[in-house]
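Close look at the chain arrangement
Chain by chain, the residues run as shown.
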Amino acid sequence: METIINLLKDKNYHLEKFHDLNSAELLNFAEGNFDNLEVFYQSRETILDLVRCIDRLIDAATAAQEDSIQASDAEKKEITSCMNMKNELVTRILAQDLQILSMIEQAKSNIIKELRQVQSAKKAVGAYKTGDVVNKLDEKA
């Protein structure tokens, strides 16, 4: 049972790291700095891979102890505490993800607006552009 509790604590630790990573990057996004977006997503994916691995270890440990699972009251309280912490972290992470998606959508929308303005400006400049028309004088005149 101690193995499962340690794995749950380890999972929560990684979820906290995920939350901290989101918090730091949200500050950058709020300032309009999206330079680290690719590294940010890779870091998140790495942490999620670790969490998935821990989940597999928890499943394996649970299956191995399934017949002999007799948790004490203290262990049950600790497991419940770990699960409550996980639920709280996941809720906070989901709220952050909504903020991140919103900021990325807003930045994308601004870029599209800027591209449309540039395209309109090019058309306007193109309308005033004079071609390389060579005026030929009538030589007989």
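Let us look at the structure shown here. Counting starts from 1 at the beginning of each chain's written sequence and moves along it residue by residue. Confidence filtering applies because this is a predicted model: local features only for residues at pLDDT of at least 70, side-chain atom pairs given and counted only at 80 or more, and all residues used for totals across whole chains, interfaces and linings. Excluding hydrogens and water, the side-chain values take into account all heavy atoms of the structure.

**A few points about the overall build of the protein chain**
Helix and strand labels come from DSSP, where a helix needs a run of H or I of at least four residues and a strand needs a run of E of at least two; each type is numbered from the N terminus. On a plain count of helices and strands, the protein chain comes out with three helices and zero strands. When the helices and strands of the protein chain are read in sequence order from the N terminus, they spell out α-α-α. Residues counted as buried form 23% of the 141 residues belonging to the protein chain. We call two residues contacting when some pair of their heavy atoms lies within 4.5 Å. For the protein chain, restricting intrachain contacts to residue pairs at least 6 apart in sequence, the fraction spanning at least 24 positions comes to 86%. Note on areas: Shrake-Rupley with a 1.4 Å probe; residue coverage comes only from the protein chains shown. When the accessible area of the protein chain is evaluated, it comes to approximately 10,600 Å², of which 55% is carbon and sulfur surface. The buried label applies to any residue whose accessible area, calculated with a 1.4 Å probe on protein chains only, is under 20% of its type's maximum; exposed applies above 50%, and partly exposed to all values in between.

**Focus: the nonpolar core**
As a rule of thumb, soluble globular proteins bury nonpolar side chains together. In plain words, nonpolar cores are sets of buried Ala, Val, Leu, Ile, Met, Phe, Trp, Tyr and Cys residues tied together by side-chain atoms within 4.5 Å. Core analysis: the largest hydrophobic core is formed by nine residues, namely Met 1, Ile 4, Ile 5, Leu 7, Leu 8, Ile 54, Ile 58, Ala 61 and Cys 82. Listed by contribution, the elements that provide at least two residues to this core are helix H1 (2-30) and helix H2 (37-65). Among the elements that make up this core, the one with the highest residue count is H1 (four residues). Other than its neighbours up to four places away in sequence, Leu 7 contacts Ile 54, Leu 57, Ile 58 and Ala 61. Leu 15, Phe 18, Ile 47 and Ile 93 belong to the second largest nonpolar core, which has six residues in total.

**With respect to the packing of H1 against H2**
Structural elements are reduced to axes, namely lines fitted to C-alpha atoms, with helices fitted over the stretch in contact, and the angle between N-to-C directions of any two is expressed from 0 to 180 degrees. Contact geometry of H1 with H2 gives a least axis separation of 9 Å together with a crossing angle of 165 degrees. The pairing of H1 with H2 is recorded here as roughly antiparallel in orientation. By crossing handedness, the relation of H1 to H2 is classed as left-handed. Here the term charged refers only to Asp, Glu, Lys and Arg, the term nonpolar to Ala, Val, Leu, Ile, Met, Phe, Trp, Tyr, Cys and Pro, and the term polar to all other amino acids, Gly among them. When grouped by side-chain class, the residues that make up the contact of H1 with H2 number 17 nonpolar, six polar and six charged. What sets the label is the angle itself: under 35 degrees gives roughly parallel, over 145 gives roughly antiparallel, 65 to 115 gives roughly perpendicular, and the rest give oblique. Note on convention: near helix rotated counterclockwise from far helix by under a right angle means a left-handed crossing. Clockwise means right-handed.

**What to know about the pattern of salt bridges**
Within this document, salt bridges are pairs made up of a side-chain nitrogen of Lys or Arg and a carboxyl oxygen of Asp or Glu, the two lying within 4 Å of each other. As enumerated under the stated definition, the model contains seven salt bridges in all. In this structure, Arg 92 and Glu 88 form a salt bridge, with 2.9 Å as the shortest nitrogen-oxygen distance. With Arg 92 and Glu 88 both in helix H3 (residues 73-128) and four residues apart, this pair spans about one turn of that helix. Measuring nitrogen to oxygen at the nearest pair gives 3.2 Å for the salt bridge that ties Glu 105 to Lys 108. On the criterion of helical spacing, the pair formed by Glu 105 and Lys 108 is a turn pair, its members being three residues apart in helix H3.

**As for a nonpolar patch on the surface**
Patch membership requires more than 30% relative accessible area and the absence of a salt bridge. Residues of like charge join within 9 Å; the nonpolar side chains Val, Leu, Ile, Met, Phe, Trp and Tyr join within 5 Å. Together, Tyr 41, Leu 98 and Leu 101 line one region of the surface with nonpolar side chains, adding up to about 310 Å² of accessible area. Among the structural elements, Tyr 41 can be located in helix H2.

**Section: the packing of aromatic side chains**
Aromatic rings from Phe, Tyr and Trp, taking only the six-membered ring of Trp, are treated as a pair when their centres fall within 6.5 Å; an angle between ring planes under 30 degrees marks them as stacked, one over 60 as edge-to-face, and anything in between as tilted. Evaluation of the coordinates by the stated rule reveals three aromatic pairs. With a centroid separation of 5.7 Å and 90 degrees between ring planes, the pair formed by Phe 29 and Phe 40 is classed as edge-to-face. In this pair, Phe 29 is assigned in helix H1 and Phe 40 in helix H2, connecting sequence segments eleven residues apart. Of the residues examined, Phe 40 reaches a relative accessible area of 2% and is grouped as buried. With 5.5 Å between their ring centres and 55 degrees between their planes, Phe 40 and Tyr 41 make a pair best called tilted. In this structure Tyr 41 comes out as partly exposed when scored by relative accessible area, which is 34%.

**Description of the side chain of His 14**
Mapped onto the fold, His 14 is located in helix H1. The class for His 14 is buried, based on a relative accessible area of 14%.

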